[in-house]
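An overview of the molecular structure
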Amino acid sequence: MERKNTMNSLLIKGGRIVDPSQKMDQIADLWIRSGKVEAIGPQLQIPPHETVERIDASQLIVTPGWIDIHTHLREPGGTHKETIETGARAAAAGGFTSIACMANTQPVNDSSYITTYIRQKVAMESPIHIFPIGAVTKGLKGEELAEIGSMREAGIVAISDDGKTVMNAYLFRKALDYSRRFDLTVISHAEDLNLKGLGVMNEGFNSARFGLRGVPRAAEEVIVARDIYLAELTGARLHVAHVSTAGSVALIREAKRRGIQVTAEVTPHHLTLTDEAVGTYDTNTKVAPPLREQEDIEALQEAVADGTVDALASDHAPHSREEKAVEYDQAEFGMVGLETAFPLYYAKVLKNHWDLSKMVAAMTLKPAKIIGVKKGTLQVGADADVSIFDPAMEWIVDKTQFQSKSQNTPFHFWKMRGKPVYTIVEGRVVYRGALNA
Ligand code: DOR
């Protein structure tokens, strides 16, 4: 799909523009020209000779384009679950203008060949920006480092063995050392494989009740603690993916206080569901790390509010019906997230857990910084990536309408409030949702 801007000029009129990069929250116009932000401010006057397409954004909220730094697109190798094209469409429908895709494809993105392949496919097929993340170790095997330097040259924005923890602390330390040389953030999937064992849900009262093997919180926390020490040792930038426990939050908060370069993200499902949901034995509730308990949700919410958790990310993990229509123990870990992430975050604003600009910063400015891309702002001259949502629209999730190839969501039929209505990438409208549905 051609991404180049063909439209000369677009005027988004009268929206509430929330752009934390400029500390802006006001009713204003946004004028986009040749794919860049031309002007921003109240009642903009467009020269009479200019041909502009107009979007009436009164009653709508206009923000810098949303960035999801944690998705799984399954291409190459798992195209029955998702392709770059379907994942990109799901992202656009979910309001995202940029996403980063994890390396656990088949083959794994552990060499410049695979990175280049992904980038070529993205250039041909994606209406949004997709930034590849390279593996830390070859084949995600945890035995030897991947070709980090050549992948960097080919265009990766971070490294991660997400889906698997690099259990060898020496190797992870080496990865952190290398990452500094290549100015890359290292993203940690924090689950000690031995403590996790064959666990499929949070270890606690409910795992006993449901007769399922548990994953203790400590499986996550020992790796978060280890990786913080290694970040301190190396001076590298560490990012902790999908934080799920109150204990991890406390470790990250303390590390930040000590000046260690650590950032963290949280997913919509860890912010919304507890391990009670596993009691349905719906395999769509099976995720890694597992859904925890109410006190963890509260700690995660608070961590976003106080900035301990920097970014909101979906961990969009598509799996086919066959891979999920099995016994809970046997099912793959993961749920799709791109098309339901936003309203689940926005619910926290509606419940006054976060203010709006905090949420927007965690979806724009801060994730851009973590992966080092020049995005997340509507400053004059910036790429005109814009997300516009209707804060009042109520709608019901229907997984059969997803753009994603997979439907593994526990949020089917959930009633949501707040919906993306325009997704704009470099001045081009790549998704237009129904208004007042
Ligand atoms: O639930 C998950 N699914 N967590 C991960 O970290 C990996 C992901 C996947 O690739 O399916």
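Residues numbered from 1 in each chain as written. Predicted model: local features only at pLDDT ≥ 70, side-chain atom pairs only at ≥ 80, totals over all residues. Heavy atoms only, no water.

**Let's talk about the overall build of the chain**
Heads up, the condition is: Per the convention used, a helix needs a DSSP run of H or I reaching at least four residues, while a strand needs a run of E reaching at least two, with both numbered from the N terminus. With C-alpha atoms as the basis for the radius of gyration, the globule rule is written as 2.2 Å multiplied by the number of residues raised to the power 0.38. Three labels apply to residues, based on accessible area from a 1.4 Å probe with only protein chains included: buried if under 20% of the type maximum, exposed if over 50%, partly exposed otherwise in between. Should any heavy atoms of two residues lie within 4.5 Å, those residues are counted as being in contact. Computed with a 1.4 Å probe, the accessible areas rest on the Shrake-Rupley method; for each residue, only the protein chains presented here act as cover.
In terms of regular secondary structure, the chain is built from 14 helices and 18 strands. Here the C-alpha radius of gyration of the chain, 21 Å, is about what a compact globule of 437 residues would show, namely 22 Å. Every one of the 437 residues in the chain was classed for burial, and the buried ones make up 63%. In the chain, the share of contacts with a sequence separation of at least 24, taken over all contacts with a separation of at least 6, comes to 75%. When the accessible surface of the chain is split by element, carbon and sulfur atoms take 49% of a total near 17000 Å².

**Considering the sheet that holds strand β9 (residues 158-160)**
Here is the rule: Any two strands are treated as partners once DSSP identifies two or more bridges connecting them. Axis lines are fitted through C-alpha atoms, for helices just across the contact stretch, and the angle between N-to-C directions can take any value from 0 to 180 degrees.
The strand order β9-β10-β13-β14-β15 describes an open sheet built from five strands, whose pairing is parallel. Strand pairing shows two members of the sheet lacking a second neighbour, β9 and β15 (311-312), which therefore form its edges. Of the pairings in the sheet, the one linking strand β10 (residues 185-188) to strand β13 (residues 238-240) comprises three bridges and is parallel in character. Note that in β13 the partner of Ile-187 across the bridge is His-239. Its contacts with the sheet place helix α4 (residues 169-181) against β9, β10 and β13, and it is angled at close to 150° to β10. Where helix α8 (residues 246-257) meets the sheet, its contacts fall on β13 and β14 (262-266), and the angle it forms with β14 comes to roughly 150°.

**Remarks on the nonpolar core**
Note the following rule: Nine residue types can take part in a nonpolar core, namely buried Ala, Val, Leu, Ile, Met, Phe, Trp, Tyr and Cys, and a core is a set of them joined through side-chain atoms within 4.5 Å.
Within the largest apolar cluster, 75 residues are counted, with the highest numbers of intra-cluster contacts made by Ile-128, Ile-130, Leu-312, Leu-356 and Met-359. Tallying contributions element by element places helix α1 (residues 84-93) first for this core, with six residues. Discounting residues that sit within four places of it in the chain, Leu-312 has contacts with Ile-67, Val-266, Leu-271, Val-304, Tyr-345, Trp-354, Met-359, Ala-362 and Met-363. Counting 22 residues, the second largest nonpolar core, distinct from the first, contains Ile-32, Ala-384, Val-386 and Ile-388.

**Focus on the side chain of Ser-248**
Secondary-structure assignment places Ser-248 in helix α8. Ser-248 sits in the buried class, given a relative accessible area of 0%. If we skip the residues at most four places from it in the chain, Ser-248 touches Glu-220, Glu-221, Val-224 and Val-243.

**A word on the packing of α4 against helix α7 (residues 217-234)**
Using the following cut-off: Reported orientations rely on four angle classes, namely roughly parallel under 35 degrees, roughly antiparallel over 145, roughly perpendicular from 65 to 115, and oblique for the rest. When the near helix sits turned anticlockwise from the far one by under a right angle, the crossing is termed left-handed; a clockwise turn instead gives a right-handed crossing. When residues are sorted by character, Ala, Val, Leu, Ile, Met, Phe, Trp, Tyr, Cys and Pro go into the nonpolar class, Asp, Glu, Lys and Arg into the charged class, and all the rest, Gly among them, into the polar class.
Across the interface, α4 lies against α7 with an axial gap of 10 Å and an inter-helix angle of 45°. It follows that α4 is oblique to α7 by the angle criterion. α7 is crossed by α4, and the crossing has right-handed handedness. Facing α4, whose interface residues are Ala-169, Phe-172, Arg-173, Leu-176, Asp-177 and Arg-180, α7 presents Arg-226, Asp-227, Leu-230, Ala-231, Leu-233 and Thr-234. Taken together, the residues of the contact of α4 with α7 sort by class into six nonpolar, one polar and five charged.

**Looking at the confidence of the model for the chain**
Basically, it comes down to this: Every residue is assigned a pLDDT by the predictor, reflecting its confidence on a scale from 0 to 100.
Residues of the chain with pLDDT of at least 70 account for 98%, and the chain-wide mean is 97. Below pLDDT 50 for its whole length, residues 1-6 participates in 20 contacts with residues either more than four positions away or in separate chains.

**A closer look at α7**
Under the convention used in this document: A helix is expected to span 1.5 Å for every residue after the first.
Between its first and last C-alpha atoms α7 spans 26 Å; for 18 residues at 1.5 Å apiece the expected length is 26 Å, and the two agree. Along α7, the residues that are buried comprise Ala-219, Glu-220, Glu-221, Ile-223, Val-224, Ala-225, Arg-226, Asp-227, Ile-228, Leu-230, Ala-231 and Thr-234. Where α7 is buried, its residues meet α4, β10, α5 (193-196), β12 (214-215), β13 and α8. Backbone geometry just downstream of α7 places Gly-235 in the positive-phi region, at approximately 75°.

**What to know about the sheet that holds strand β6 (residues 66-71)**
Pairing within the open sheet is parallel, and its three strands lie in the order β6-β7-β8. A single partner strand is all that each edge strand has here, and the edge strands are β6 and β8 (129-132). Averaged over all neighbouring strand pairs, the angle between strand axes comes to 20°, with direction disregarded. Direction of pairing for β6 relative to strand β7 (residues 96-101): parallel, over a ladder of four bridges. Paired with Thr-71 across the two strands is Cys-101, which belongs to β7.

**Brief notes about the pairing of strand β3 (residues 36-41)**
Looking along a regular strand, one sees side chains alternate from face to face of the sheet. Looking at chain direction, strand β2 (residues 24-33) and β3 are connected through five bridges and run antiparallel. By the bridge assignment for β3, Trp-31 is matched with Ala-39. Remark: two residues form the turn of the hairpin made by β2 and β3, two consecutive strands paired antiparallel; Ser-34 in that turn has positive phi of roughly 50°.

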